[in-house]
Amino acid sequence: MHKLPRFSLTALLVLGSLSLAAQELPDGPGKEIVATACGACHDVNRIRIGYTAEGWGTVIRMMQNVEAPVEPSQWDTVRDYLIKSFPERPRPAAVVVSGSVEVLIKQWAVPTPGSRPHDPLATRDGAIWWTGQLANKLGRLDPKTGDIKEFALPTSRTGPHGLAEDKEGNIWFTGNTAGLIGKLDPKTGAVAEYNMPNPDAKDPHTLIFDRQGILW
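Source: prediction; values computed, not measured. (Residues numbered from 1 in each chain as written. Predicted model: local features only at pLDDT ≥ 70, side-chain atom pairs only at ≥ 80, totals over all residues. Heavy atoms only, no water.)

Novice: I tried to follow the overall build of the protein chain on my own but got confused; where do I start?
Specialist: Within the protein chain, the secondary structure is distributed over 4 helices and 8 strands. Starting at the N terminus and ending at the C terminus, the protein chain contains elements arranged as α-α-α-α-β-β-β-β-β-β-β-β. Considering only residue pairs separated by 6 or more positions, the protein chain has 40% of its internal contacts joining residues 24 or more positions apart. For the protein chain, the accessible area works out to roughly 14,600 Å², and carbon and sulfur atoms hold 56% of it. (Helix = DSSP H or I, 4+ residues; strand = E, 2+ residues; numbered from the N terminus. Contact = heavy atoms within 4.5 Å. Areas by Shrake-Rupley, 256 points an atom, 1.4 Å probe, with all protein chains shown as cover.)

Okay, here's the thing in structure tokens:
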């Protein structure tokens, strides 16, 4: 019996899992594309959670932002398949609590669709910052005026995640995908980047300043 090279075994396992994923999906135009494109990075069963048509549009924009392996001409087929096959599931019944309460909720749409806004941070000047994880951007909102500004990061596919503010008002962030720590100067838009000293140290997440001003 001949042993297959390791890369061949890996390829067979991937192809086998994708084939199984395709068998589990509902039939229809776009089934094979979804099984191959989605199953290459995720457990394909994650899509069973279901979304509204608008929600699937947002998910597709997220996947386009990270250059999912789908031909431009195929995205409409993928969108139609997902909307038809995986509609939004009914939500659990609400629990009514007796008594009166007044709640005011304000929402602001981020400028870049599918950016997957992450880890909001309230800074000392009253602004709200967020990371556009799948758009390679940081964003700032002034809740008083509604003004929104996005800052593009210089390294492609940085994968910004956590945020922290230093004493000078600079915004520090982790770069999940690129394996780095970054600092944004909101006044100039300049970004400084610091790569992880150990190449095996990947996917940095949450940062925090201690009392001495050291960033952890």
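Novice: What is the right way to look at the pairing of strand β6 (residues 171–175) in this model?
Specialist: On a regular strand, one side chain projects to one face of the sheet and the next to the other, so that they alternate. Counting buried positions over the 5 residues of β6 gives 5, a clear majority of the element. The two faces of β6 match: Ile171, Phe173 and Gly175 on one face and Trp172 and Thr174 on the other face are all buried. Pairing between strand β5 (residues 160–165) and β6: 4 bridges, direction antiparallel. When the bridges of β6 are listed, Pro160 appears paired with Gly175. Between β6 and the antiparallel strand that follows it, strand β7 (residues 180–184), lie 4 residues; Gly179 among them carries a positive phi value of about 65°. (Buried < 20%, exposed > 50% of the residue type's maximum accessible area, 1.4 Å probe, protein only. Pairing = 2+ DSSP bridges.)

Novice: Just to check I follow, could you spell out the sheet that holds strand β2 (residues 128–132) for this structure?
Specialist: In a beta sheet, neighbouring strands are held together by backbone hydrogen bonds and run either parallel or antiparallel to one another. Pairing in this open sheet of 4 strands is antiparallel, and the strands run β1-β2-β3-β4 from one edge to the other. Strands at the two margins of the open sheet, each flanked by one partner only, are β1 (117–122) and β4 (148–152). When the angles between neighbouring strand axes are averaged without regard to direction, this sheet yields 20°. Bridge count for strand β3 (residues 137–141) against β4 is 5 bridges, and the pairing is antiparallel. What sits directly across from Leu141, in β4, is Ile148. (Axes fitted to C-alpha atoms, helices over the stretch in contact; angles between N-to-C directions.)

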